[in-house]
Amino acid sequence: SEPVSCTGGRADMSLDGLRRTFREHVFYTQGRFPSVATRNDLYMAFAYTVRDQLLHRWIKTVEQMAGKDLKIVSYLSAEFLLGPHLENNLINLGIYDDVLGIAKEEGFDIQVIFDQEEEPGLGNGGLGRLAACYLDSLASLEVPAIGYGIRYEFGIFDQEIRDGWQVERTDQWLRLGNPWELARPEITCRVSFGGRTEPYQDDRGRYRVRWIPHRTVKGVAYDTPILGYRVNTCNLLRLWKAEAIESFEFEAFNVGDYYGAVDEKIYSENITKVLYPNDEPVQGKQLRLEQQYFFVSCSLQDMLRIYKLGGGKLDRFSRHFAIQLNDTHPALGVAELMRLLVDEEGMDWEPAWDVTCKTFGYTNHTLLPEALEKWPVELFAGLFPRHMEIIYEINRRFLDEVRRRWPGDEARVARMSLIDESGGRFVRMAHLACVGSHAINGVAELHSRLLKEDVLRDFHEMTPEKFSNKTNGVTPRRFLVLANPGLTRLIEGKIGDTWIRRPEELRKLEPCADDPAFREEWRRVKLENKKNLARVIRERTGIEVDPASMFDIQVKRLHEYKRQHLNVLHIIALYDRIKRNPSYDLCPRTFIFGGKAAPGYFMAKLIIKLINSVGDTVNRDPDVNGRLKVVFFPDLNVKNAKFIYPAADLSEQISTAGKEASGTGNMKFSMNGALTIGTLDGANVEIREEVGAENFFLFGLTAEEVYSLKRDGYRPMEYFQANPELQRVVERIASGYFSNGDRELFKPLVDALMFHDTFMLFADFGSYADVQGRVDEAYRDREHWTRMSILNSARMGKFSSDRAIREYCEDIWKVKPVPILLE
Ligand code: TH1
């Protein structure tokens, strides 16, 4: 076919071209005169101007990929936490300054325009954000890729803080329209649920099974272009929306059941209404399982459609598609691909199984036992009768193999089975993912090792060659260039800008750590960022914070294993020292928290209340005299995070060792020059290795110590009795000091610590408080602190998502870059 020629017009990226296109969009797309254009009109017109550029590159990408014998990565994820598109795309296109100029000429504040963008909050936290970083890196590395997921009508809730408590508000991100997506009403799939199966003989006399489902919905594709950094590759994020299939409505109309037809429509559209707001663990709700199957089935049908378009033969599918399962949420894909190949395409079991295993890779993101997904067999079989049969058949063949390898070891067979029968019957999604994949990986060295030794030990013993580690990474474009323009400029002044693609080159900054003038500049940038955050904090909370104080920040989802309350215990300890000794010498500190709690997670919500209550008391107490401030920053999301990471002096990464698979916030902070106080958990271990032990504040038990302490019987009371300061801290909470004398309010929290302390705060409290003392001392030596800060940024290159994606491409997906030319 003819290559699409589209030069000039809206593809014109000259200053004049951009300005003309922008004006046209105000007029023809928004239907406004410039003089009456609203803020949203202007934002939309800018967004469409940029989108035109993306579409131009997207078409070139598709055009140049067509007909080539290449391999595409399919990243299957229930969550994509993208964050605002506009600024990011300007950076990737290299027209940020041009557009700033146009805005100025046209007479408005570009910042106001940027603020207008609603972010697609289609994820909970790290897992969803990781998927978004990986899309950025795939495109930036010019690797053909499609992200597949769900177009939730309501993403992660907006958080408000009222009277110190979290209040959830629905996220109406689509209210004013979404200029970044293209609806594709012609790209649809049918997805079925329920019903029964039936054997039959096909025309060649072969035994087959057909699924007679109870109901069927339609998936409609919504496409968002994902442009790489300063390349022409523009990949695709394809999100599925559920709708009713038309024939249903017609049928209902024919028998006159108008309300029945509308009911059906509402029922169908329910599937993609709302993101489940639980980080880990996932709640075992039917609708959640329906969501998982819905998007996985649409995505696999779509891949097969694309593949057949190119004339590919099904037994070679895995040479052209590498599918990655982002945790077990899409693990049903293993059974669904088997169903599509065997039932729909008429393949035999063995070749279909061969294709399936070669196609899938599985990334595990958590060791928390309660977060390992399992679904009651009854629920599962009710929704997916055919998949249940397929899973039993996969399991039968798999367990035969286990028995061959370990004859007589029925305990092992029970442990490895895809069905958990140790009390009730459940489908184990992680086992399904392991058996159906050729590659299994964890997300940090420690996590991958613990997977092999513990959670997936039997699988590792059976197929060690499947296992590898892929330490997480984050994109330096969004989290450094976009979030921290001041630091970016400073770095560029010294070592140019090639580090934005190759962050290992940040190492060239190391010598600058010895240059007093550079250190001075570095501090100036940090101070500006802190002033900026102080302003936002004032606007959102009314609290005044001093940018000259140390900004000690913990932002992440609220979870007991992440131990925000350990941080609080330490704050109360400092407060207690001040109260006992009014002239206590403390380097002034501002403690900043942020993060959402799952709406049904009582303890997490109580911790938010505690943070705010301690803040109320401490911030108001004249005895504190500027030495302590405590702030809870409401509604942490990608948009707000941009103010936070660049302003941190100290990053709190204090999870119980062995619980945080990787963490990615830890990387965002350190890249921006924050020092870390942390345990040997997740990627902290590798961050410390990279930046040097002398530039990292380590405390706490190791994962091994945590396990053996648990094994030998952990008694929090012993630590409590041995530490008078800890006693005073707990007593202040228990006595109602922070709750107007109410001793009941925080009792659940105090009791949980005193009698169980599942996450061993008491065991780590002493070491944490000691090391915080060292932090206090270190901060007084500003020159030395700045040195450490510079070295942190300079040595974080490893944690670019580009490095992570390169490893996935080479070791797991076996895919190569395909450079795209514009003309
Ligand atoms: C997170 C992990 O907790 C975190 O340590 C890791 O850095 C991140 O994934 C990216 O790898 C997880 N998020 C979820 C969310 C759900 C279920 C399991 C996990 S693990 C819904």
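For the structure itself, consult the block above.
Student: Give a detailed account of the overall build of the protein chain, specifying residues and quantitative values.
Tutor: When you go through the protein chain residue by residue, the secondary structure sums to 32 helices and 24 strands. Taken over the C-alpha trace, the protein chain has a radius of gyration of 27 Å; the compact-globule value for 823 residues is 28 Å, and the two agree within 12%. Seen along its three principal axes, the alpha-carbon backbone of the protein chain occupies a region of about 90 × 75 × 55 Å. Counting only residues that meet the buried cut, the protein chain has 62% of its 823 residues in that class. Nonlocal contacts in the protein chain, meaning residues at least 24 apart in sequence, comprise 77% of its contacts between residues at least 6 apart. Carbon and sulfur atoms make up 51% of the accessible area of the protein chain, which amounts to about 31,800 Å² in all. The average position of the 109 basic charges and that of the 121 acidic charges among the side chains of the protein chain differ by 1 Å.

Student: Mind laying out the environment of Asn472, listing which residues take part and the relevant values?
Tutor: Residue placement: Asn472 occurs in the loop between strand S18 (467-469) and helix H18 (476-482). By relative accessible area, which is 4% here, Asn472 ends up buried. Put simply, Asn472 and Tyr134 are 338 residues apart on the chain and 9.4 Å apart in space, counted from C-alpha to C-alpha. A polar side-chain atom of Asn472 sits 3.3 Å from a polar atom in the side chain of Ser662.

Student: Account for unusual backbone geometry, with residues named and values stated.
Tutor: Backbone geometry at Arg563 places phi at a positive 60°, although glycine is not the residue there. Looking at the secondary structure, you find Arg563 in the loop between strand S19 (550-555) and helix H21 (564-580). Residue Arg563 is classed as buried on the basis of its relative accessible area, which comes to 0%. Despite not being glycine, Lys814 shows a phi value in the positive range, around 55°.

Student: Give me the site of the ligand: which residues, what numbers.
Tutor: Taken together, 18 residues sit near the ligand, with Asp279, Glu280, His365, Glu660 and Gly663 positioned nearest. At a separation of 2.8 Å, an oxygen atom of the ligand approaches a polar side-chain atom of Asn472. In this structure, Glu660 approaches the ligand through a side-chain N or O atom, which is 2.6 Å from an oxygen atom. When the ligand sits alone it has 470 Å² of accessible area, and the protein chains cover 98% of it.

Student: Can you explain the pairing of strand S4 (residues 145-150)? Please cite residues and give values.
Tutor: Burial runs high along S4: 6 of the 6 residues are buried. Alternating positions in S4 separate into two faces, Ala145, Gly147 and Gly149 on one and Ile146, Tyr148 and Ile150 on the other, with burial throughout. Bridge count between strand S1 (residues 72-76) and S4: 4 bridges; the pairing is parallel. By the bridge assignment for S4, Val73 is matched with Ala145. Two strands pair when backbone bridges link them, and S4 and strand S11 (residues 234-244) are joined in this way by 5 bridges, in the parallel orientation. For Ile146, the partnering residue across the bridge sits in S11 and is Leu236.

Student: With reference to specific residues and values, describe the environment of Pro716.
Tutor: Counting through the fold element by element, Pro716 comes out in helix H27 (residues 716-722). Residues Pro716 and Ala763, 47 residues apart in the sequence, show an inter-C-alpha distance of 6.9 Å. Apart from residues lying up to four places away in sequence, Pro716 is in contact with Leu753, Met754, Phe755, His756, Asp757 and Phe762.

Student: Would you mind going over the sheet that holds S1 in detail, with residue names and values included?
Tutor: Sheet architecture is open: 9 strands sit in the order S7-S10-S11-S4-S1-S12-S13-S17-S18, paired in mixed fashion. Sheet topology places strand S7 (182-193) and S18 at the edges, where each strand pairs with a single neighbour. Neighbouring strand axes in the sheet, compared pairwise and without regard to direction, differ in orientation by 25° on average. Here helix H11 (residues 349-359) sits on the sheet in contact with strand S12 (321-326) and strand S13 (360-363), set at roughly 40° to S13.

Student: Residue-level account of the pairing of strand S22 (residues 650-653), with values.
Tutor: Burial along S22 is two-sided: Leu650 and Glu652 and Ser651 and Gln653, pointing in opposite directions, are all buried. Inspection of the sheet shows S19 paired to S22 by 2 bridges, in the parallel sense. Within the sheet, the bridge partner assigned to Asp552 lies in S22 and is Leu650. Relative to strand S23 (residues 675-678), S22 runs parallel, the two sharing 4 bridges. Bridge pairing links Ser651 to Thr676 in S23. With helix H24 (residues 665-671) bridging S22 and the parallel S23, this β-α-β connection has right-handed handedness.

Thresholds applied
Residues numbered from 1 in each chain as written. Predicted model: local features only at pLDDT ≥ 70, side-chain atom pairs only at ≥ 80, totals over all residues. Heavy atoms only, no water. Helix = DSSP H or I, 4+ residues; strand = E, 2+ residues; numbered from the N terminus. Rg over C-alpha atoms; globule rule 2.2 N^0.38 Å. Buried < 20%, exposed > 50% of the residue type's maximum accessible area, 1.4 Å probe, protein only. Contact = heavy atoms within 4.5 Å. Areas by Shrake-Rupley, 256 points an atom, 1.4 Å probe, with all protein chains shown as cover. Lys, Arg positive; Asp, Glu negative; His and termini not counted. Charge placed at Lys NZ, Arg CZ, Asp CG, Glu CD. Polar contact = N/O pair within 3.5 Å; in protein donor to acceptor, adjacent residues only side chain to side chain. Near = heavy atom within 4 Å. Pairing = 2+ DSSP bridges. Axes fitted to C-alpha atoms, helices over the stretch in contact; angles between N-to-C directions. Right-handed = clockwise from strand over helix to strand, strands pointing away.

Function cannot be inferred from these measures alone, as they are strictly geometric.
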